[in-house]
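Working through the structure, step by step
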Amino acid sequence: MTDSTQQKLRSFTESLSAEERAAVSAWLGGGDGRPAELDALFADGEGGPREAALDPALRPRQDDPSAIRSVGVIGGGTAGYLTALALRAKRPWLDVTLVESSGIPIIGVGEATTPSMLPFLHHYLGIDPADLYEKVLPTWKLGIRFDWGPHPEGFMAPFDWGSNSVGVLGSLATQGDINAFTLQSLFMKADRAPVFPLEGGRHLSLMKQMPFAYHLDNQRFVRYLTDLAAARGIRHVDATVAEVVLGGDDWVDCLRTPDGRELRFDLYVDCTGFRSLLLEKTLGSRFVSYAASLATDTAVTGVVPHGGHIKPYTTATTMDAGWCWNIPTREADHVGYVHSSRFLSLEEATEELRRRYPGVDTFRPVRFRVGRHEEAWRGNVVAIGNSYAFVEPLESSGLMMITLGILSLVSTLPASWADPVPRALVNRALSKKWDEIRWFLSIHYRFNTRRDTPFWREMHTGADVSGLEPLLEVFRAGAPLRFRDSVVRGFLESTAPTFYGLEGVDCLLLGQGYPARLLPMSEPVEAWQARKDAADALVGRGLGTAEALRAFDTDPELNAELLDDPDSWVVRTGTDRLVNADPDAPAAAHREPAA
């Protein structure tokens, strides 16, 4: 912790009661819990992909006719521009060209991310946070509020669900829900941010102690990435692709445009979205559907005024034939009804969205398919984004998996096609991750307690969760899984496709009331209540999200602390301390192990 942060923390704590000081101390000591997907992106620590550009073995030899010197990123959007920027940042010797058609519009919807987006944007790509805040106007996401089923309170899925800083068993025992199991979930419930006012117009931010993500206006974000790519020397070709010319089995020789131009590169990155122009249509990679688990295939999106009230979370609400997202941006809430066209027409879905949000306008339909291709990397083509795989927007995995694909490419791309090429490794690793997401999302549908429409009745009986059946059996025998015997946890972690870890499964199943034998508390409920009362008092001092965002807009020191302080979760992402956190260390003082 820097001297400046220590001084502000000292000033802040002097105004607190003893109970509130205890809550601050518990958070600073115990806020290490974070989603397991951060491990997947940065599990190699401070070396690896971040240093790829410095490894001389990755530079092609001048006399090598098979050297990889040029890359064509085919398609724009977030996938295309993030890929081009990453290659430019980490392989600066490559000649990177982005090919896209200005006639294809950007889908202007709000986009929710996961915490891994912060280190990716600001450390991996080197994007200045002040510049991003000024031009993209992000808001913050502390987690997801699930208004999921008939329960009016819903349940919170905060990004610190691994910390259990207040206590899940105490929350269930006293409230009948999990909404008070972490400090972050209490901030979400109160619509507040962990930013506190100090004298003299200064602020204390504890955002660096808690994993959070960005909400982004996709149209504004892509425009920003477009300008950044031009400033960083990425070539741009405005063209459509009329023909893909093969030079052999699984090998693209060149692309032809309608005016007869030939675009030739050593490596082609397919970012053409659901068209999957190179990977599927040209090279024939088979599509593996997830429809047996995830039945939705259409969304209708819109924008609704929020009157200046910016929520610090994404909201997911069940609807008649699916669910609706609500993503707050600075100007308005972006909403989208994700549904199954088998149960509801686009017109019927639009009308239901109007009933849910009477002020909604700017309707846009989006059709999609859920699943992945057999390969992400085939021949000299690597597919990133929707051209390789897509699951519906639940849990906001789209941009996270784009960045994982990018890191895979940057880390493993050889200097020459004459070198060993780790296609099989990348394909197996990425397909495993996507399959894990499938199974994690499937439990959102199968165990939702809503039964009043044909869609939800079919989900209750028919949504395929077979990939998680062994884990579900263990959960029914004793929950939460986080408190089970270390051998059981080890077996589950090594075999069950959980993606977000056992804590994520605990949150989703306990939040939905999935039947299980609860493990006993190892402390009196009064001890839990005292901790909860102290946490509530601390939350009550936090600023509303809009006011806290204004503080970050105007005070560069707050983002500097978040991105540069050694004790920040952003800086420590990928270090041994985060990857191999010791659950018995003092940092986990408020866990509730089974007696």
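As recorded by an unreviewed UniProt entry, the protein chain carries the name Tryptophan halogenase and is attributed to Streptosporangium fragile. The Sequence similarities (unreviewed entry) comment attached to the protein chain in UniProt states, word for word, "Belongs to the flavin-dependent halogenase family. Bacterial tryptophan halogenase subfamily."

**Quick word on the packing of helix α15 (residues 469–477) against helix α17 (residues 501–511)**
Where α15 meets α17, the closest approach of the two axes is 12 Å, and the angle between their N-to-C directions is 65 degrees. In this view, α15 runs roughly perpendicular relative to α17, as classed from their interaxial angle. Seen along the crossing, α15 lies across α17 with a hand that is right-handed. Residue-level inspection shows Leu471, Leu472 and Phe475 of α15 in contact with α17, the latter providing Leu502, Val505, Asp506, Leu509 and Leu510. A per-class count over the contact of α15 with α17 returns seven nonpolar, no polar and one charged.

**Notes on the side chain of Thr139**
Looking at where Thr139 falls in the secondary structure, it is placed in strand β4 (residues 139–141). Only 2.6 Å separates the side chain of Thr139 from the backbone oxygen of Pro328, close enough to count as a polar contact. Filtering out sequence-adjacent residues up to four positions away, Thr139 remains in contact with Ala213, Tyr214, His215, Ile310, Pro328, Thr329, Arg330 and Leu549.

**What to know about the pairing of strand β15 (residues 267–270)**
Side-chain alternation along β15 places Leu267 and Val269 on one buried face and Tyr268 and Asp270 on a second face that is also buried. Bridging between strand β1 (residues 70–74) and β15 involves four bridges; their strand directions are parallel. Following the sheet pairing, Val71 is matched in β15 by Leu267. The pairing of β15 with strand β24 (residues 381–383) spans three bridges and is parallel. Its bridge partner being in β24, Val269 is matched across the sheet by Val382.

**Details of the pattern of salt bridges**
For side chains of opposite charge, pairing can occur when their charged atoms come near one another. In total, this model carries 33 salt bridges according to the counting rule given. Put simply, Glu280 and Arg369 hold a salt bridge, and the shortest N to O gap is 2.3 Å. Of this pair, Glu280 sits in helix α10 (residues 277–282) while Arg369 sits in the loop between β21 (361–367) and β22 (371–373), and the two are 89 residues apart along the sequence. On the basis of relative accessibility, which here comes to 24%, the residue Glu280 falls in the partly exposed class. On the basis of relative accessible area, Arg369 is assigned to the partly exposed category, the value being 29%. A salt bridge links Lys532 to Asp536, with the nearest nitrogen and oxygen atoms 2.7 Å apart. Here Asp536 and Lys532 lie together in helix α18 (residues 525–539), a separation of four residues that amounts to about one turn. With a relative accessible area of 12%, Lys532 lands in the buried category. By relative accessible area, which is 33% here, Asp536 ends up partly exposed. Each of the salt bridges in this network shares a partner with another, and the network as a whole consists of Glu243, Asp253, Arg256, Glu262 and Arg264.

**Thoughts on the sheet that holds strand β5 (residues 143–147)**
An order of β6-β5-β18-β19-β20-β17-β21 is seen for the seven strands of this open sheet, with the pairing classed as mixed. The open sheet has two edge strands, β6 (155–158) and β21, and neither has a second partner. Neighbouring strand axes in the sheet, compared pairwise and without regard to direction, differ in orientation by 20 degrees on average. In this sheet, strand β19 (residues 322–328) lies alongside strand β18 (residues 314–319) in antiparallel orientation, the contact comprising five bridges. Directly across from Thr315, in β19, lies its bridge partner Asn326. Helix α11 (residues 346–356) contacts β17 (298–304), β18, β19, β20 (333–339) and β21 of the sheet and is inclined by roughly 140 degrees relative to β20.

The rules behind the values
- Residues numbered from 1 in each chain as written.
- Predicted model: local features only at pLDDT ≥ 70, side-chain atom pairs only at ≥ 80, totals over all residues.
- Heavy atoms only, no water.
- UniProt positions renumbered as here; feature names shortened; annotations may be inferred.
- Axes fitted to C-alpha atoms, helices over the stretch in contact; angles between N-to-C directions.
- Helix = DSSP H or I, 4+ residues; strand = E, 2+ residues; numbered from the N terminus.
- Parallel < 35°, antiparallel > 145°, perpendicular 65-115°, else oblique.
- Left-handed = near helix turned anticlockwise from the far one by under 90°.
- Contact = heavy atoms within 4.5 Å.
- Nonpolar A, V, L, I, M, F, W, Y, C, P; charged D, E, K, R; others polar.
- Polar contact = N/O pair within 3.5 Å; in protein donor to acceptor, adjacent residues only side chain to side chain.
- Buried < 20%, exposed > 50% of the residue type's maximum accessible area, 1.4 Å probe, protein only.
- Pairing = 2+ DSSP bridges.
- Salt bridge = Lys/Arg side-chain N within 4 Å of Asp/Glu carboxyl O.

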